[in-house]
Amino acid sequence: MTTYLFRKVAMLPIMLLAVSLLIFSAVRLLPGDPARVMAGPQATQEAVNDMHERLGLGRPFLVQYQVFLSGALRGDLGESLHSKLPVTQDIAERLPYTAALALTSYLFAMLVGLSTGIFAAIYRGSLFDHLAMILAIIGASIANFWLALMALTLFSVDLGWLPLLGAESWKSYILPSVTLGVLPAALIARMTRASMLENIHQDFVRTARAKGLGSRAVYLRHTLRNALIPIVTIVGLNFGGLLGGAVITETVFNWPGIGRLLVDAVRFRDYAVIQGVTLLTVVIVVSINVLVDLLLSAIDPRIRFS
Amino acid sequence: MTDPRRPTAVLTALLSLSLTAAAFAQGNADQLTIMQSEPPRSMDPADQTATFTGNVLAPMYEGLTHFNKALEIEPLLATKWSVNTAGTEWTFTLRSGVQFQDGTPFNAAAVVASFQRQLDEKRGLAASGRFRSVIDKVTAVNPTTVRFTLKKPYPAFPRLLAGDAAFIVSPAADKKGTLGRQPVGTGPYSFVEWKSGEYVLEKANPKYWGKRPAIGALKWTWTSEPSVMNLAIQSGQADLVNPLPPIFTQVLKNNPKVTLLQGKGASVFWLSLNTKLKPLTDVRVRQALNYATDQKALVATLLRGYGAPANSPLAPADFGYDPSAPGYPYDVAKAKKLLSDAGYKDGVTITVASQEPDSSIVQALQGMWAKAGITLKIMQMESGVWSQAAFGTPAEKAKAGINSSFASWSAGTLDADGQLSPLYATSSASPAGANLGFYSNPKLDALLAQGSSETDSAKRKTIYAQAQRIISQDAAHVLLYYPNDIAAVQSNVKGVWIFPGGGIQLEDATKSK
């Protein structure tokens, strides 16, 4: 277990270094000049050149990367061109909002997805099962963006129940969480149903029944526990997708998280912010994957040895 | 990420959010919530060039001069001014008894410092280029008198000083280096908070020297999603949305709770034609494109009627605009004839570099021009890519095959010089300036030079009338239209008006329950 853990964690810095170089190059390869964007379309070439100088963009690529890397190692990701804040502070202000949104939407997805999947499996072939699976297909294929606008129109404008802007009260969490949670909920529901059905006819379930255990214990303690492995995997893998969805959801809902921060940064060619947010996203996704691996090995001890 | 308190931080954030919700409850009669199409770019007025950032800053800052509702120049922080006969020395008398929101006194030294930093090349402030090309030096004559020495006569100087970039900033705040984040001016509102992902909050400045505003606080929010603006004004969660995309005017016009505001637009929309790349090297082809353009149809469909066809490279709100300047009527037969005269009997193929939000405009042109045998290839680009392509050199554009660039322009000074020189002077040829098609006519250059330093208004007008005719004749651009500025406001909000170009004017705004 320790070597397993060690191997996973030791790989992290090497991977981060590679990823940082990749991100840094990719951002520089973005067409468009931040000095031009910053100075505005009405600026003269002279003004653009001055801006170029001020932003340190004239220096050789490797020198720029070195400055970035040594800063990053000290926890300094540079300064945002627009908010004029250190990127770390900009991110620190925004991250809790994205984290809270991810949390609530996953909570929603787990609740809806697991319960729907379990019941659909137990009552396989019933009307509920069919209906749930049709909804799951719709949920998995619907455009996040469209759903968000429809939800806003109905609940915020027509009915006036929920706020439209920002993240100012608990009510603000409902629409973005549900919108963002629909896709993982649908995936979880389908995966749970399939996985439960696979396990329901296994020998150990029959044994459990034969021992005289009640349905609830059979389904939850025995079947679900074994069915959890693919579910946890898909939940973990989907986390990156969730962050991707957050970029769109946060834009539509004016959510002050890192997704919207990234969108604005790309729009303004705010290099330092793009680098910072992308790097952070990579760290989060990688850490979640390590966490999922560990969780899987806790659920099923056989995984550690394979 | 290594912060062990992070999970608690999330919870704390959640909790504090629900608490602050009470503080900023909706329907607050003493607060105006304004939603715009983009976030503010900087709180330092000299370090940004965006109209929508200017709107956020305007309630907190003031300049020496400003435009009144009739679009005339009026004194603000200056009480009066005079100019020497050569037109190169402008002397301003300053208002006394004014102080910045941080308590720093407003005086000649503050004005000098505010402009000195713009003239300092090393600072490289984003909006400072215009001042550096006009102003030679700024001196304090005495504590209430400032003198600007210009590089050459510039009759539109008081107009230049009315722009957002000329807002006077607190010298103390500039020294601290915090202006980019925390604005300090002399305006009727003072800065409270900028939550970078959410809003900018301003509250009435109790120490303001002038008339106290009727509304206690301003809250600025933003979205890049136009339909969210429409939803925000319809649901009452924004008191004002700016700019309102024309497609939503139809719905909102019939909503009694919402009033549409219109301003005479200051921007001209056009296609700059690359005069250095075939087939647009031939003036007849350029004219043909103009004849093939049905401006009225563009205004009716794309702008829903909120605008006017462009007959001149100047906007109607600009000084020097000539209403009788000859535009190009829609005439497909004439376009075809010009093309065949130029040796393109089988038509021509033109490319245009345009940005995503303008895709419907260039698509409409594509359809119109096809009738005259002109094939328009659209090169759609994201804004950062577009600005690099549009501001390319002749060689770069030839290599990329860019015949034309779609853009718009408004001179913040509402002056003919600010609109014409950067777009049509030979010296402004891209990448040095915004003459994106490398258009060059020595006769026009001479007129522009003359116009920019002529101090007699009547003479200036004649000079610019001539200039407009030359540009039109040479067909440097395909001129399209002047869109009106449109904003939507809740009907209980009164007194707001729009400065040509999209500047929201809130000084007389009131809000009833």
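Rules used in this analysis
- Residues numbered from 1 in each chain as written.
- Chains lettered and ligands numbered in written order.
- Predicted model: local features only at pLDDT ≥ 70, side-chain atom pairs only at ≥ 80, totals over all residues.
- Heavy atoms only, no water.
- UniProt positions renumbered as here; feature names shortened; annotations may be inferred.
- Phe/Tyr/Trp six-rings, centres within 6.5 Å; stacked < 30°, edge-to-face > 60°.
- Lys NZ or Arg CZ within 6 Å of the ring centre and 35° of its normal.
- Contact = heavy atoms within 4.5 Å.
- Buried area = accessible area lost by both parts, 1.4 Å probe.
- Salt bridge = Lys/Arg side-chain N within 4 Å of Asp/Glu carboxyl O.
- Polar contact = N/O pair within 3.5 Å; in protein donor to acceptor, adjacent residues only side chain to side chain.
- Helix = DSSP H or I, 4+ residues; strand = E, 2+ residues; numbered from the N terminus.
- Pairing = 2+ DSSP bridges.
- Axes fitted to C-alpha atoms, helices over the stretch in contact; angles between N-to-C directions.
- Buried < 20%, exposed > 50% of the residue type's maximum accessible area, 1.4 Å probe, protein only.

An unreviewed UniProt entry lists chain B under the name ABC transporter substrate-binding protein, with Deinococcus sonorensis KR-87 as the source organism. Turning to chain B, the UniProt record has this under Sequence similarities (unreviewed entry): "Belongs to the bacterial solute-binding protein 5 family."

Identification of chain A as ABC transporter permease from Deinococcus sonorensis KR-87 is taken from an unreviewed UniProt entry. UniProt's Sequence similarities (unreviewed entry) comment on chain A is quoted here verbatim: "Belongs to the binding-protein-dependent transport system permease family." Quoted verbatim from the Subcellular location (unreviewed entry) heading of the UniProt record, the comment on chain A is "Cell membrane".

On to the packing of aromatic side chains, then. All names here are of chain B. Throughout the structure, instances matching the rule amount to 23 aromatic pairs over all chains. Through a chain of ring-to-ring contacts, three or more aromatic side chains come together here, namely Trp-81, Trp-90, Phe-92, Phe-115, Phe-131, Phe-148 and Phe-157. Just above the ring of Trp-194 sits the side chain of Arg-181; from NZ or CZ to the centre is 4.3 Å. It is Lys-219 that lies over the ring of Tyr-199; its NZ or CZ is 5.0 Å from the centre.

Take the interface of chain B and chain A next. Across the boundary between the two partners, chain B contributes 57 residues, which contact 58 residues of chain A. For the pairing of chain B and chain A, the buried interface totals around 4800 Å² over both sides, and the portion due to carbon and sulfur atoms is 56%. Where chain B meets chain A, there are one salt bridge. For Glu-382 of chain B, the salt bridge goes to Arg-269 of chain A, with nearest N and O atoms at 2.5 Å. Linking chain B with chain A are seven residue pairs in polar contact (both at pLDDT 80 or more). Within the residue set of the side of chain B that touches chain A, elements represented by two or more residues are helix H1 (6-23), helix H4 (129-134), strand E8 (189-195), strand E10 (217-222), helix H7 (226-234) and helix H13 (383-390) of chain B. No other element matches the seven residues that H1 of chain B contributes to the side of chain B that touches chain A.

With that settled, the discussion passes to the sheet that holds strand E11 (residues 240-242) of chain B. Pairing between the strands of a sheet comes from backbone hydrogen bonds, and it takes one of two forms, parallel or antiparallel. Residue and element names in this part refer to chain B. Strand order in this open sheet of seven strands is E8-E9-E10-E1-E11-E19-E12, and the pairing throughout is mixed. The outermost strands of the open sheet, each flanked by one partner alone, are E8 and strand E12 (258-263). The average angle at which neighbouring strand axes cross in this sheet is 20°, direction not considered. Two strands pair when backbone bridges link them, and E12 and strand E19 (residues 485-490) are joined in this way by six bridges, in the antiparallel orientation. Bridge pairing links Val-258 to Gln-490 in E19. Across the face of the sheet, H7 comes into contact with strand E1 (31-36), E11, E12 and E19 while running at roughly 160° to E11.

Once that is clear, we can look at the pattern of salt bridges. Residues and elements named next belong to chain B. Summed over the entire model, instances satisfying the criterion amount to 14 salt bridges over all chains. For Lys-195, the salt bridge goes to Glu-198, with nearest N and O atoms at 3.8 Å. By relative accessible area, Lys-195 is classed as partly exposed at 22%. Salt bridges sharing partners connect three or more residues here, namely Asp-44, Arg-117, Arg-123 and Asp-174.

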